[in-house]
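As a plain string of letters, each chain reads:
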2 protein chains.
Amino acid sequence: MSSPKIVMLGAGNVGYHLSQALEEVGCSIVQVYSRTIERAKHLAETINTDYCTNLSAIYTEADLYFLAVPDDQILPVAQQLKGYIHTNALIVHCSGATPGAVFADLYSNYGVFYPLQSFSIEKSVHFQQIPICIYANKQEAQQLLEGIARKISRQVHLIDDKQRAILHVAAVFVNNFSNYLFHIGQDILEQEAISFELLKPLIQMTVDKIQNNDPKAMQTGPASRGDQATIQQHLDYLEKRPEYQKIYQLLTQGILNNHTSTS
Amino acid sequence: MSSPKIVMLGAGNVGYHLSQALEEVGCSIVQVYSRTIERAKHLAETINTDYCTNLSAIYTEADLYFLAVPDDQILPVAQQLKGYIHTNALIVHCSGATPGAVFADLYSNYGVFYPLQSFSIEKSVHFQQIPICIYANKQEAQQLLEGIARKISRQVHLIDDKQRAILHVAAVFVNNFSNYLFHIGQDILEQEAISFELLKPLIQMTVDKIQNNDPKAMQTGPASRGDQATIQQHLDYLEKRPEYQKIYQLLTQGILNNHTSTS
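Residues numbered from 1 in each chain as written. Chains lettered and ligands numbered in written order. Predicted model: local features only at pLDDT ≥ 70, side-chain atom pairs only at ≥ 80, totals over all residues. Heavy atoms only, no water.

Enquirer: Please give an account of the packing of helix α1 (residues 13–24) of chain A against helix α2 (residues 37–46) of chain A that cites residues and values.
Expert: Residue and element names in this part refer to chain A. Between α1 and α2, the shortest axis-to-axis distance is 10 Å and the interhelical angle comes to 15°. Judged by the angle between their axes, α1 and α2 are roughly parallel. The two elements α1 and α2 meet at a crossing, and its hand is right-handed. Judged by residue contacts, Gly15, Tyr16, Ser19 and Gln20 of α1 engage His42, Leu43 and Thr46 from α2. Considering only residue class, the contact of α1 with α2 consists of two nonpolar, five polar and no charged. (Axes fitted to C-alpha atoms, helices over the stretch in contact; angles between N-to-C directions. Helix = DSSP H or I, 4+ residues; strand = E, 2+ residues; numbered from the N terminus. Parallel < 35°, antiparallel > 145°, perpendicular 65-115°, else oblique. Left-handed = near helix turned anticlockwise from the far one by under 90°. Contact = heavy atoms within 4.5 Å. Nonpolar A, V, L, I, M, F, W, Y, C, P; charged D, E, K, R; others polar.)

Laid out in structure tokens, this is it:
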């Protein structure tokens, strides 16, 4: 199959960026679907294709259907879609949190095409740097997905449902939770009218350091050197922010355990 | 005072990089001191100056003494140094965690010169991007420090002891604690033989997003959208790692509170 016909369901962050990346490498997106007409139209115009806002109008003869919809919409959309499309179509979702097996009772060819990145509409992305985790229930389907993935990214990984679930847990720690720590840092400074800008170079360095080193080896700060006096000062300061004090205590304890049990 | 004579005490991460930055803009470092002869010698050769390994050999007539030593060495070194140098010298430390007032009973001119960055010997730094937080107990001393700081950095801030203590708490959250979360992410993946490389683009994006946006507005993930099903799946998976499960619970609760109380 040289140029499979693709339908993109969902025109949110993932659907929008993925469609553009696919279109740029010459994949044939024959239609996009979104319940929200503005989104459907905007994406269709961006990649110069057709759109629909109702599944009854879906293009029935595509080879590959991407479900780039919210996690809780994957199963309902897949169920409705079944009534319209041909039975040999390959159907995939783009979610890190949902098993591929969600399709098992509905379709004979299914899989997952999960770009491991946090997308937002306004921020352009370079797909070549984004790891794409693929999975399919059949060999032929897997080859199709792998071929498409390798066109848009240099990092393609075969990742099964169990591995992807673990990746998603780890992603929550490194992405969602670190972002929350950045928010806490900003919040603490704002209470005292100090600009968050002062911390940005430090944040960038924290990330630069782990590009070529294990985070554990790069750990610095009062906890990693067992500096109880500074830890106590910080806990005292955080008395008036008990929710942050708890977080400080727990993460400090984790670092202390880590750096005393093995050093 | 056009070119103050400077002595750098300490040849660790901060002393090493700060000395180089000062030397590059033409500041006159007349001597470096470290108890460790290899370090003292290496830094002195790097910036082409003299060194000593004993405070009794310190250059007594400098205008400015930098104490780039570990936090718990600042007071002892300052006390010993007092016996050797002239009484009008300006003495500063480079610590985020120590008040400038630590010098109050010893010296008449003192201050702080705190580059807000996490340094390591092997990683070169661009001082122009690093915020430098200065403080001095007298106007003239403050002007001297400010002049030097502006030579090496575009970001110079007058920060008093209280503000610097708060900055240091916030820095622990955004730097030390995020690095620990990166370690947890790596640890979770390694248990399942998945490469940490898969998460690095996501980590970089997390930081890119807050360059021009508030972290709170950039918060994503199961907690920010109140996705209890995914949260529960993740907690179940973490049953075998109770220390990580606790951290997951606490940070998730923080994000939930944050995004339900104000949205």
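Enquirer: Explain the pattern of salt bridges to me, and be specific about the residues and the numbers.
Expert: Summed over all chains, the structure comprises 18 salt bridges over all chains. Asp161(A) is the salt-bridge partner of Arg164(A), the closest N and O atoms lying 2.7 Å from each other. With Arg164(A) and Asp161(A) both in helix α5 (residues 161–191) and three residues apart, this pair spans about one turn of that helix. Accessibility classification places Arg164(A) together with Asp161(A) in one group, the buried group. Close ionic contact of Lys240(B) with Glu192(B) constitutes a salt bridge, the shortest N to O distance being 3.5 Å. Of this pair, Lys240(B) sits in the loop between α7 (228–237) and α8 (242–261) while Glu192(B) sits in the loop between α5 (161–191) and α6 (200–209); the two residues are 48 residues apart in sequence, bridging distant segments of the chain. Among the charged side chains, a network of salt bridges with common partners joins Asp71(A), Arg225(B) and Asp227(B). (Salt bridge = Lys/Arg side-chain N within 4 Å of Asp/Glu carboxyl O. Buried < 20%, exposed > 50% of the residue type's maximum accessible area, 1.4 Å probe, protein only.)

Enquirer: Tell me what's going on with the sheet that holds strand β8 (residues 156–158) of chain A, and back it up with residues and numbers.
Expert: Residues and elements named next belong to chain A. Sheet architecture is open: eight strands sit in the order β3-β2-β1-β4-β5-β6-β7-β8, paired in mixed fashion. Of all the strands in the sheet, just β3 (50–52) and β8 have a single pairing partner and so form its edges. Looking at each pair of strands side by side, their axes are set apart by 25° on average, direction ignored. Where strand β6 (residues 109–115) meets strand β7 (residues 132–136), five bridges bridge the pair, whose relative direction is antiparallel. Bridged to Pro115 within β7 is Ile132. (Pairing = 2+ DSSP bridges.)

Enquirer: Explain the nonpolar core to me, using residue names and the numbers behind them.
Expert: Phe173(A), Ile188(A), Leu199(A), Phe173(B), Ile188(B) and Leu199(B) are the most contacted members of the largest nonpolar core, which has 78 residues in total. Setting aside residues no more than four positions away along its own chain, Phe173(B) makes contact with Leu181(A), Ile184(A), Ile188(A), Leu238(A), Tyr244(A), Ile247(A), Tyr248(A) and Ser178(B). (Core = buried A, V, L, I, M, F, W, Y, C linked by side-chain atoms within 4.5 Å.)

Enquirer: Go over the pairing of β7(A) with me, naming the residues and quoting the values.
Expert: Residues and elements named next belong to chain A. The buried count for β7 comes to four of five residues, which makes it a mostly enclosed element. Of the pairings in the sheet, the one linking β7 to β8 comprises three bridges and is parallel in character. Each residue of the ladder has a partner; that of Cys133, found in β8, is His157. Handedness of the β-α-β unit built from β7, helix α4 (residues 139–152) and β8 comes out right-handed. (Right-handed = clockwise from strand over helix to strand, strands pointing away.)

Enquirer: If you had to explain the relation of the copies chain A and chain B to someone new, which residues and values would you point to?
Expert: Of the transformation superimposing chain A on chain B, the axial component is 0.0 Å and the angular component is 180°, with the fit at an RMSD of 0.0 Å. One copy is carried onto the other by what is essentially a two-fold rotation axis. Relative to the rotation axis, the C-alpha of Ser178(A) is the closest in chain A, positioned 2.6 Å from it. When the interface residues of chain A are mapped onto chain B, 100% of them again lie at the interface, so the same face is used by both copies. (Least-squares fit on C-alpha atoms with pLDDT ≥ 70 in both.)

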